[in-house]
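A structural walkthrough
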Amino acid sequence: MTHAATHATGQPATHAAVPATEAAVPAAPPVAAREAARPAPLTVLVRGLRRHVPARLLPALAVLALLAYPASPGAEGATPADAASAVLVLTVVLRLLREGRGSAGRGESGAGGDRGGSAGETGGSRETGGSRETGGSREAGGARGATRFRAALTPRAALVLGAPVLALALAALGAADAATGVAGLGRYLQIFVLVPAALLLSLRDARDVRVLAWGLVALALAEGGVGVVQYLTGSGASYMGEDVRAVGTFGPGDVMGMATVVAYGLVAASGLALARTGEAPRLQRPLAALCAAALLVPLALSFSRGAWIATAAVLGLQLLAAGPRRALAVLAAASAAAVVLVGGLGIGSAMLQERLSSITKVTDAPDQSVTDRYTLWAAAADMWREHPVTGVGLKNFPAHRDSHASLALSAGSDTAGAGQDFRVQPLLSPHNMYLLVLGEQGLIGLTALAGSWAALLVLGVRRLAGTHRRRAPRHRPLDCGLVACGLLVWQLVDFTYADIGGPATVMTALALGLAAWWGLGARYGAERPGAEGDGSYGAEGDGSYGSGGSAAYEAPGRPVPYATPCPAPHRQPASQPSERRTP
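Predicted model, so just to flag it, every value in this text is computed and none were measured. (Residues numbered from 1 in each chain as written. Predicted model: local features only at pLDDT ≥ 70, side-chain atom pairs only at ≥ 80, totals over all residues. Heavy atoms only, no water.)

**Topic: the packing of helix α10 (residues 206–233) against helix α20 (residues 506–520)**
Counted only if it meets this: With axes taken as lines fitted to C-alpha atoms, and helix axes fitted only over the stretch in contact, angles between N-to-C directions fall between 0 and 180 degrees. Strands here mean DSSP runs of E at least two residues long; helices mean DSSP runs of H or I at least four residues long; both are numbered from the N terminus. In this scheme, roughly parallel covers angles under 35 degrees and roughly antiparallel covers those over 145, while 65 to 115 is roughly perpendicular and the rest are oblique. Crossings are classed by handedness, with left-handed meaning an anticlockwise turn of the near helix from the far one by less than a right angle and right-handed meaning a clockwise turn. The contact criterion used is simple: two residues touch if any of their non-hydrogen atoms lie within 4.5 Å. Classification convention: Asp, Glu, Lys, Arg as charged; Ala, Val, Leu, Ile, Met, Phe, Trp, Tyr, Cys, Pro as nonpolar; all other residues, Gly among them, as polar.
At a minimum axis separation of 12 Å, α10 and α20 run at an interaxial angle of 155°. Here α10 lies roughly antiparallel to α20, going by the angle between them. Crossing of α10 against α20: the hand is left-handed. For the pair formed by α10 and α20, the contact residues are Ala206, Val209, Leu212 and Leu216 on the first element and Met507, Leu514 and Trp517 on the second. For the contact of α10 with α20, the class distribution of residues is seven nonpolar, no polar and no charged.

Here it is in structure tokens:
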């Protein structure tokens, strides 16, 4: 009997010896089993979204997704995107109430611990005077007060965003009837107060801003793709006798809808493409640059002169803010591409060229749309002269239009195409947000609203300039500032040619919310990430992609702007191993 067939006890083995080479090779699973164990593509997508998209951003992303819902002809009232914005506000309010109760409970616990003054240690946890630390997490009863979520609601943020509330309430009192006043007040509060404040409280760090910016880009690509197909197939809105105007899913009744969405996506993509090295994922810059180049086509096919002017101004300012060298390089590449596409390949229809040339002829030989706009502007200014302080009342412009407009005003705007019959759309606003507020709300309303916008712009530009300092905080990277400030500037410029109205109006609230995060953003961006288990991003909660970690913990010897002080860690006894985790 051989040694391989004998057990360690010396007894003979009852089974045949198996060669070592055969026993070491496991049986391969069948192909069918491997295919069954592979997750479905939808499952992989859901897992990826749950990993990279925090739950707190889902209502905001739902607003963007529902903007693509096709609009019904002549439909009025709230849209699905407005309903999603209401869910966003309600979610934030519920969380504020929940955290308020939690802070009150921790305060009572801390008071009881202070009275007792006892300290105990059991199993690696320590309690001292109402403060408890277990496994690296710390709960300070009454010491920290508000959590990171509530820390964004600073007095300055409340003042800037809440300034228009009293002026809007005063203007609502002058409405034609109570129902009209309440409806107008709710709309203004939704766009300029509630949704921006809710988004400010929902955004945590730079990665949240990038997720929302990519959501804008995705929506713009979807709407722009529909618009390009409409132009190529002749199924768009009517323009100069042909159904070639790209309007996306918004229909001919809101020709500015797709132009606004595409312009927002282009500004967001441009800001993401101008990120500095080490502040963003490697693929962000080339992918964003490709998206920005692709969005130029549907923006041109929208035939919206106001969107063209606002987008050109913002792109130029973004390039200057990113640095002169980068601006020269991008301008050179854009000029070369324009020469090749327009001069070499002949891209650019006669309609597009005529629309571009009409921008310089708005004073010499204006078309009917420009004439109507000038007439409505003059009517709004005349209303303000009669009621300079409070205006004619909220949503009262249509009632006072005919008594202040000249005979040059047409009966309405002709709309057709994109699957809808011909109809005349009444001119119910002056197509200028500043003059609309001035005529309906007077100097009080314009001072409150424009003052809030100006404060956001000044604070945002000041913080954007601070990103070029050598010791700038990394939780405010350049690309997020370019996106937030770019969207705000675009909207303020576009307000000279448009006003609120239509399904795409809710995007104005998102732009103001991003600008509020950048300019009024909480000083908690560099706090220890992952402390609350609410979906923050591990060791890089500040949104940086460099060496990792938070700026407040990389250099504890010097103060970091916009960061809360780092609490001194408790010393553990030498006999007991420490369970603290490094941030």
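This is not the end of the story, as more comes after the structure.
**A few points about the nonpolar core**
This is how the line gets drawn: Residue types Ala, Val, Leu, Ile, Met, Phe, Trp, Tyr and Cys, when buried and joined through side-chain atoms within 4.5 Å, form a set referred to as a nonpolar core. Under the scheme applied here, a residue whose accessible area is under 20% of the maximum for its type counts as buried, over 50% as exposed, and between as partly exposed, the area being computed with a 1.4 Å probe on protein chains only.
Within the largest apolar cluster, 112 residues are counted, with the highest numbers of intra-cluster contacts made by Tyr188, Phe192, Met433 and Leu514. When residues of this core are assigned to their parent elements, the largest contribution, 12 residues, is made by α20. Ignoring anything within four residues of it in the chain, the contact list for Phe192 reads Leu161, Met433, Leu449, Trp453, Phe495, Ile500, Thr508 and Leu512.

**Re the pairing of strand β7 (residues 413–417)**
This is how the line gets drawn: When DSSP finds at least two bridges between two strands, those strands are taken to pair.
Of the pairings in the sheet, the one linking β7 to strand β8 (residues 420–425) comprises four bridges and is antiparallel in character. Paired with Asp414 across the bridge in β8 is Val424. Hairpin connection between β7 and β8: a loop of two residues separates the two successive antiparallel strands, and Ala418 in this loop has a positive phi of roughly 55°.

**Section: a nonpolar patch on the surface**
The line we're drawing: Think of a patch as exposed residues, more than 30% relative accessible area, with no salt bridge, where like charges cluster within 9 Å and nonpolar side chains (Val, Leu, Ile, Met, Phe, Trp, Tyr) cluster within 5 Å. Each accessible area value is a Shrake-Rupley result obtained with a 1.4 Å probe; residue values ignore everything except the protein chains displayed when judging cover. Here, a salt bridge means any side-chain nitrogen of Lys or Arg that lies within 4 Å of a carboxyl oxygen of Asp or Glu.
A grouping of Leu90, Val93, Leu94 and Leu97 is seen on the molecular surface, where their side chains present a nonpolar patch of about 370 Å² in accessible area. Topologically, Leu90 is positioned in helix α5 (residues 80–116).

**Observations regarding helix α16 (residues 368–386)**
Heads up, the rule is: Helix span, as expected, comes to 1.5 Å for every residue beyond the first.
In this model α16 runs 27 Å from its N-terminal to its C-terminal C-alpha over 19 residues, within 8% of the 27 Å that 1.5 Å per residue would give. Considered for burial, the residues of α16 that qualify are Val370, Asp372, Thr375, Leu376, Ala379, Ala380, Ala381 and Met383.

**Here we look at the packing of aromatic side chains**
Threshold: Between rings of Phe, Tyr and Trp, where Trp is taken as its six-membered ring, a pair exists when centres lie within 6.5 Å; planes separated by under 30 degrees are stacked, by over 60 edge-to-face, and by other angles tilted.
Enumeration according to the criterion identifies nine aromatic pairs in this entry. Between Tyr434 and Phe495, the aromatic rings sit 6.1 Å apart at their centres with planes inclined by 85°, giving edge-to-face as the arrangement. Placement of Tyr434 in helix α18 (residues 433–466) and of Phe495 in the loop between α19 (478–494) and α20 is noted, with a sequence separation of 61 residues between them. Given a relative accessible area of 3%, Phe495 falls into the buried group. Considering the side-chain rings of Trp517 and Trp518, the 6.2 Å spacing of their centres and the 45° angle between planes classify their relative orientation as tilted. A residue is classified by how much of its surface remains accessible, and Trp517, at 2% relative accessible area, is buried.

**Considering the pattern of salt bridges**
A complete count under the given rule lists six salt bridges for this structure. Arg276 is the salt-bridge partner of Glu279, the closest N and O atoms lying 3.0 Å from each other. The class of Glu279 is buried, set by a relative accessible area of 14%. With its nearest N and O atoms 3.9 Å apart, the salt bridge here joins Arg385 to Asp382. With Arg385 and Asp382 both in helix α16 and three residues apart, the pair spans about one turn of that helix.

**Brief notes about the packing of helix α8 (residues 164–173) against helix α9 (residues 178–202)**
The description of two helices packed together rests on the angle between their axes and the distance between the axes. Between α8 and α9, the least distance of the axes is 9 Å, while the angle of their chain directions is 160°. When the interaxial angle is binned, α8 and α9 end up roughly antiparallel. Handedness of the crossing formed by α8 with α9: right-handed. Residues Val165, Leu168, Ala169 and Ala172 of α8 touch α9, and the partners they reach there are Gly181, Leu185, Tyr188, Leu189 and Val193.

**Some details on unusual backbone geometry**
Residues other than glycine seldom take positive phi values, yet Lys395 does so here, at roughly 60°. Secondary-structure assignment places Lys395 in the loop between α16 and α17 (397–404). The residue His431 is not glycine, and still its phi comes out positive at about 55°. Within the secondary structure, His431 is located in the loop between β8 and α18.

**Topic: the side chain of Arg56**
Where we set the bar: The definition of a polar contact used here is a pair of N or O atoms within 3.5 Å, where within protein one atom must be able to donate a hydrogen and the other to accept one, and adjacent residues in sequence count solely through side-chain atom pairs.
Topologically, Arg56 is positioned in the loop between α3 (41–52) and α4 (58–67). Among the polar contacts listed, one links the side chain of Arg56 to the backbone oxygen of Ser202, at a separation of 3.3 Å. At 2.9 Å, the side chain of Arg56 forms a polar contact with the side chain of Asp208.

**Some remarks on the confidence of the model for the protein chain**
One rule of thumb: low pLDDT means the predicted coordinates there are not for detailed reading. Cut-off, in case you're wondering: On a scale of 0 to 100, pLDDT captures the predictor's confidence in every residue.
Averaged over the protein chain, the pLDDT score is 75; the fraction of residues at 70 or greater is 64%. For residues 116–147, every residue scores under 50 in pLDDT, and the model assigns this stretch 65 contacts once sequence neighbours within four places are set aside. For residues 523–567, every residue scores under 50 in pLDDT, and the model assigns this stretch 106 contacts once sequence neighbours within four places are set aside.

**Observations regarding α8**
Short version of the rule: Starting at the helix axis, one direction is taken to each C-beta atom, and the arc is that of these directions.
When α8 is considered as a whole, its buried residues turn out to be Pro164, Ala167, Leu168, Ala171 and Ala172. The arc that holds every buried residue of α8, seen down its axis, measures 140°, which confines them to one face. α8 presents Leu166 and Leu173 as exposed residues on the side facing more than 90 degrees away from its buried surface. Buried residues along α8 sit in contact with α7 (155–162), α9 and α18.

**Overview of the pairing of strand β6 (residues 242–245)**
Here three bridges tie strand β5 (residues 237–239) to β6, and the two strands are oriented antiparallel to one another. Bridge pairing in β6 links Ser238 to Asp243. Hairpin connection, β5 to β6: the antiparallel pair is bridged by two residues, and Met240 has positive phi, about 55°.

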